[in-house]
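Observations on the model geometry
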Amino acid sequence: MKPKAYRDPVVEAYLPGVDRTLLRENLKLTPAQRLEKLVNFSAFAAELRRAGKRARRAKKR
C-alpha cells in the first residue's frame, strides 16, 4: 500500500483561490516571453505609481 503524500494545510487553504488557467497559459510562454511580460507589468506599475503621486499633488492644491 502506498503512503499518502503530505498535503500542507496552508497550501490547501489557498488552492481554491488559485486560477490554474493563468498558470497554464504562462507556462506555454517561453522564458523570454515571460520576462517580457514581467518587464511590461513593472513599467505599468511604475506608471500607476507616478499617476497616483500626480493625482495626490493635484488634490492638495
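Structure's up top.
Residues numbered from 1 in each chain as written. Predicted model: local features only at pLDDT ≥ 70, side-chain atom pairs only at ≥ 80, totals over all residues. Heavy atoms only, no water.

1. Focus: the overall build of the protein
Formally: Each helix corresponds to a stretch of at least 4 residues labelled H or I by DSSP, and each strand to a stretch of at least 2 residues labelled E; elements are numbered beginning at the N terminus. Only C-alpha atoms enter the radius of gyration; for comparison, a globular chain is expected to reach 2.2 Å times N to the power 0.38, where N is the number of residues. The rule is simple: take the accessible area with a 1.4 Å probe, protein chains only, and divide by the maximum for that residue type; under 20% is buried, over 50% is exposed, in between is partly exposed. Residues scored as charged are limited to Lys and Arg (positive) and Asp and Glu (negative), so that His and the chain ends carry no count. To locate a charge, the coordinates of NZ of Lys, CZ of Arg, CG of Asp or CD of Glu are taken.
Along the backbone of the protein there are three helices and zero strands. In sequence order, the protein lays out its α and β elements as α-α-α. Over its C-alpha trace the protein gives a radius of gyration of 20 Å, far above what one expects of a compact globule, namely 10 Å for 61 residues. Counting every position in the protein, which comprises 61 residues, the buried fraction comes to 5%. Of note, the protein has its 17 positive side-chain charges centred 9 Å away from the centre of its 6 negative side-chain charges.

2. Describing the pattern of salt bridges
Going by this rule: Note on definitions: salt bridges are taken to be side-chain nitrogens of Lys or Arg within 4 Å of carboxyl oxygens of Asp or Glu.
Summed over all chains, the structure comprises four salt bridges. Across the pair Glu 25 and Lys 28 runs a salt bridge, and its minimum N-O distance is 3.1 Å. Judged by relative accessible area, which is 62%, Lys 28 ranks as exposed. Where Arg 54 meets Glu 47, a salt bridge forms, and the shortest distance between an N and an O atom there is 3.1 Å. Of the residues examined, Arg 54 reaches a relative accessible area of 43% and is grouped as partly exposed. A network of salt bridges, in which partner residues are shared, links Glu 47, Arg 50 and Arg 54.

3. Re helix 3 (residues 31-60)
Going by this rule: Helix span, as expected, comes to 1.5 Å for every residue beyond the first.
Here helix 3 is 30 residues long and its end C-alpha atoms lie 44 Å apart, about the 44 Å a rise of 1.5 Å per residue gives. The complete set of buried residues in helix 3 reads Ala 45, Ala 46 and Gly 52.

4. A short note on the environment of Lys 28
Its place among the elements puts Lys 28 in the loop between helix 2 (20-27) and helix 3. In sequence terms Lys 28 and Lys 59 are 31 residues apart; their C-alpha atoms lie 44 Å from each other.

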